[in-house]
Amino acid sequence: MRRVAITGAGQTVHASRRPDVTLGELCLEAIVPAVGESGLAWDEVDAVVFGCGPDLLQGVRNAYLPELVPLLGAAKPMLRIHTGGATGGSLFQAGATLVASGWARAVLVVGAEKASEPGDVQAVLNTMWNPLFEQPIGLNAINMLALQSVRQMHVHGYTLEHFAEVTAKNRRGGVRNPFAQLRQEVTVAEVLASEVIAWPIKALECCPRSDGACALVLVGDELAGRAPAPVRLRGMAECTDSMYIGDRLGDSLSEYIDATTLRAAAHDAYRQAGIGSPFDEIDVAEIYSPFPSAEMKACEAVGFCERGEADRLVETGALELGGVLPVNPSGGPMCANPIGATGLVRIAECVEQLRGTAGAHQVDGAARAIATSSGGSSQFYTVAVFGKEAP
Amino acid sequence: MTTSIAGLTVDTRALADGESIEERVFATVRAALEQAEVERSQIDAVVIAADDVADGRSITTMLHATAAGAHFKDEIRTTNGSLTALGLASLRVQAGLARQVIVAGWWLPHADAESIAAVSLDAGYGRLVAVRERLVAAPAGAGSAACIVRAACAGSAGSGDGLTLDGFCFGQADYHAWLAGDGEPAAALGRLGRELAERCAPFAQADTAVSVAPGDWEPFFDGAGLSGARRLPVGAAHHGLVDGLARLAAAQLLPGERLVVATTGDPAFLQVEAVSVSHA
């Protein structure tokens, strides 16, 4: 496998609505700085890998055709990847595959979303479930995660206060991050007092609906030196579970609140990266967690603690900026969630951390980072591990 | 590293009454595994070609990825087409990310091809001005397809191994030129041919057979330098995302011939893709 480096990263300021730009123009806001940082001429980029969330959110099938092709030109091959919320992570994996195999020397990876376009995002997302069993009960992204939160409370003893603490931590991160959509601090008391959306999830614990984009430039060794501080891919993996949440309860192969497939993907990525003790060897994590219970679940799955012990990480402040292992110092998806780009934003944030350019949310001395993404009914997971040094 | 294709299975029937996409995908992938003499436990990854709009879902792989063998596997989905999925699977093997990969695709739409193609156009302009006859460039077919991609040197070659992948590429038409009827998709087909020729060992026209989708593919033949190659029967229908694998399965080659397949992943010919394969 050829080594892969990230030499350019760009993202938009994420917002609830960007009526001033098209999806393609939104992409350009991320592409221009990413390609500029890479030190490459546009002609040196061999291919574009594009992703956005479900076509039904844009109202256009394969939106890159009318949106991005006219802006970037038709000459470069464009690959469209779609794995729901995991799209950003899958985009990266597809782009890295093109480079690692030698098919391309340099690839531009772009994720974008205009979630403000449809009238009712949750109504669109309801159509992703089985039409006979799950759509009729009104399942959507919020109540799907509420089921998870309830089960964590029942099995692990997690409390409303734990979820509120995670929320307050991430919102403090959003305040420090100039790209975040939600940049107002909230207290635990305010979170607990906010309206119940789907018990136990409160209004202040819900990720926002975002318009935004992110772009990365991936290259092989021969072009990595063009950029002053290339970030190196150390390991990556994906893993898919059953859609049916009911298949993941009790004694089944996987467990909904364990994120079993995230655990498997992390194990594989760590093996590639030579990481044996993630809590000790990872310096910063950007986790795809649009709700606080998802962050606690992911911390267990990627090996930051034992099963059911994420509450200890929250109580001790380990996940805070300045803590032992900062998680989502950018504020994470709870402060900006442009679905098709969210997983890629996680990686862009890791890039900034490893370069030492994350500004007010910089983790001192960060040398190894992990980014995850999640999609579908918490069934698609990707993991990527990065370092400052080549493997 | 060269990769081989095993167990190529194609079913070009539309869904029967009472048959679900999930059932068809499962049956197609199972047949591919059996033909390739591979257990699902020996599979490392799954690459899928599928389309949400055709399937009437916001994320069609949520339900259908497991039917395609992806439960607890590395899985990714492209909407470009099945030849692109085949190529991406090959690259995952070449990069050392997987040893054996299922490629699965389906085009079993619940709507007519014209309606699906129209949704590919922007709502503010394209859908108003597009010439309806060009939305569906060929009579619409359907189908599901699957195969196994693995290293050609793997010692576990089953009876289904028959083709090695020489190279692949993909591309797209200039959207506004396509709308205006100004040289597209011809220009895209020309680019596709040139890129395929650059990515493969030189074609010997006398020893190469070419299978393309219905339509005017002369720019592709010219671009690839294959104007004199043997042209296989085009067939009447275009099978959407699985058209490429369907053509690969249907090709009747002469001894020693290489095969080039070029097609489009969508009814309007906005996305194009091509592969070159040889007998193992």
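Quick caveat: nothing in here was measured; it's all calculated off a predicted structure.

*Asks:* Help me get a handle on the overall build of chain B, residues and values and all.
*Replies:* Helix and strand counts for chain B stand at eleven helices and ten strands. The C-alpha extent of chain B, read off along each of the three principal axes, is 55 × 45 × 30 Å. Burial status across chain B gives 62% buried among its 280 residues. For chain B, contacts bridging at least 24 residues in sequence account for 76% of all contacts bridging at least 6. Surface exposure of chain B reaches about 9,500 Å², of which carbon and sulfur atoms provide 52%. Between the mean site of the 20 positive side-chain charges and the mean site of the 33 negative ones, chain B shows a separation of 3 Å.

*Asks:* Describe the packing of aromatic side chains, and please don't skip the residues or the numbers.
*Replies:* A full pass over the atoms with the stated rule returns eight aromatic pairs over all chains. A centroid spacing of 5.4 Å and a plane angle of 75 degrees characterise the contact between Phe-92 of chain A and Phe-386 of chain A, whose relative ring orientation is edge-to-face. Taken together, the positions of Phe-92 of chain A in helix H5 (residues 87-100) and Phe-386 of chain A in strand S11 (residues 380-387) put the pair 294 residues apart, joining distant regions of the chain. Three or more aromatic residues link up through ring pairs in this structure, and these residues are Trp-217, Phe-220, Phe-221 and Phe-269 of chain B. Its end group placed over the ring of Trp-42 of chain A, Lys-76 of chain A keeps NZ or CZ at 4.8 Å from the ring centre. Sitting over the face of the ring of Trp-103 of chain A, Arg-199 of chain B holds its NZ or CZ atom 3.6 Å from the ring centroid.

*Asks:* How would you sum up the domain arrangement of chain B? Please name residues and give values.
*Replies:* All names here are of chain B. Here the domain parsing of chain B yields domain 1 (3-151) and domain 2 (163-279). Put simply, the middle of domain 1 and the middle of domain 2, counted by C-alpha atoms, are 18 Å apart. The interface of domain 1 with domain 2 comprises 45 residues on the first partner and 37 residues on the second. Of all residues in domain 1, Leu-83, Trp-107 and Arg-134 bury the most surface against domain 2, accounting for 22% of the area lost on that side. The tally of links between domain 1 and domain 2 comes to zero salt bridges. The interface formed by domain 1 and domain 2 holds 16 residue pairs in polar contact (both at pLDDT 80 or more) in total. Broken down by secondary-structure element, the contributors of at least two residues to the side of domain 1 that touches domain 2 are strand S1 (3-11), helix H4 (82-94), strand S4 (100-107), helix H5 (113-118), helix H6 (126-129), helix H7 (132-135) and strand S5 (143-151).

*Asks:* Any chance you could break down the sheet that holds strand S9 (residues 284-286) of chain A for me, citing the residues and the numbers?
*Replies:* All names here are of chain A. On the basis of which strands lie adjacent, the open sheet formed by nine strands has the order S3-S2-S4-S7-S1-S8-S11-S10-S9 and mixed pairing. Two strands lie at the open edges of the sheet, namely strand S3 (78-80) and S9, each paired on one side alone. Pairwise comparison of adjacent strand axes, ignoring direction, gives a mean angle of 25 degrees for this sheet. Judged from the eight bridges that link them, strand S8 (residues 231-240) and S11 form a sheet pairing that is antiparallel. Looking across to S11, one finds that Glu-238 is bridged to Thr-382.

*Asks:* Go over the pairing of strand S6 (residues 163-172) of chain B, please, and point to the residues and values.
*Replies:* Residues and elements named next belong to chain B. Most of S6 is tucked away: nine of the ten residues are buried. Bridge analysis of S1 against S6 gives three bridges, and the strand direction is antiparallel. In the sheet register, Thr-3 faces S6, and the bridge partner there is Leu-165. When S6 meets strand S10 (residues 271-279), the two strands line up antiparallel, connected through nine bridges. Within S10, the residue paired with Cys-169 across the bridge is Ala-274.

The rules behind the values
Along every chain, residues carry numbers that run from 1 in the direction the sequence is written. Here every chain gets a letter starting at A, and every ligand a number starting at 1, in the order they are written. Confidence filtering applies because this is a predicted model: local features only for residues at pLDDT of at least 70, side-chain atom pairs given and counted only at 80 or more, and all residues used for totals across whole chains, interfaces and linings. To get the side-chain values, all heavy atoms of the structure are used, and hydrogens and water are removed first. Each helix is a run of H or I in the DSSP string that is no shorter than four residues. Each strand is a run of E no shorter than two, and both are numbered from the N terminus. Burial classes: relative accessible area under 20% of the type maximum marks a residue as buried, over 50% as exposed, and values in between as partly exposed (1.4 Å probe, protein chains only). Throughout, a residue-residue contact means that at least one pair of heavy atoms, one from each residue, lies within 4.5 Å. To measure how exposed things are, a 1.4 Å probe is used in the Shrake-Rupley method; for residues, cover is taken only from the protein chains shown. Charge assignment in this entry is limited to Lys and Arg as positive and Asp and Glu as negative, and neither His nor the chain termini are counted. We put the charge of a Lys on NZ, of an Arg on CZ, of an Asp on CG and of a Glu on CD. Each pair of aromatic rings taken from Phe, Tyr and Trp, with Trp reduced to its six-membered ring, is defined by centres within 6.5 Å and is described as stacked if the planes are under 30 degrees apart, edge-to-face if over 60, and tilted in the remaining cases. Comment: the charge-over-ring label is applied if NZ (Lys) or CZ (Arg) is within 6 Å of the ring centre and within 35 degrees of the ring normal. Domain delimitation in this document rests on an assignment produced automatically or drawn from a domain database. The term buried area means the drop in 1.4 Å probe accessible area that two parts suffer when joined, counted for both and summed. A side-chain nitrogen of Lys or Arg and a carboxyl oxygen of Asp or Glu constitute a salt bridge if their distance falls within 4 Å. Two N or O atoms count as a polar contact when they lie within 3.5 Å, although within protein this holds only if one can serve as hydrogen donor and the other as acceptor, and sequence-adjacent residues are included solely when both atoms are side-chain atoms. When DSSP finds at least two bridges between two strands, those strands are taken to pair. For every element, the axis is a line fit to its C-alpha atoms; helices are fit only across the contacting stretch, and the angle between N-to-C directions ranges from 0 to 180 degrees.

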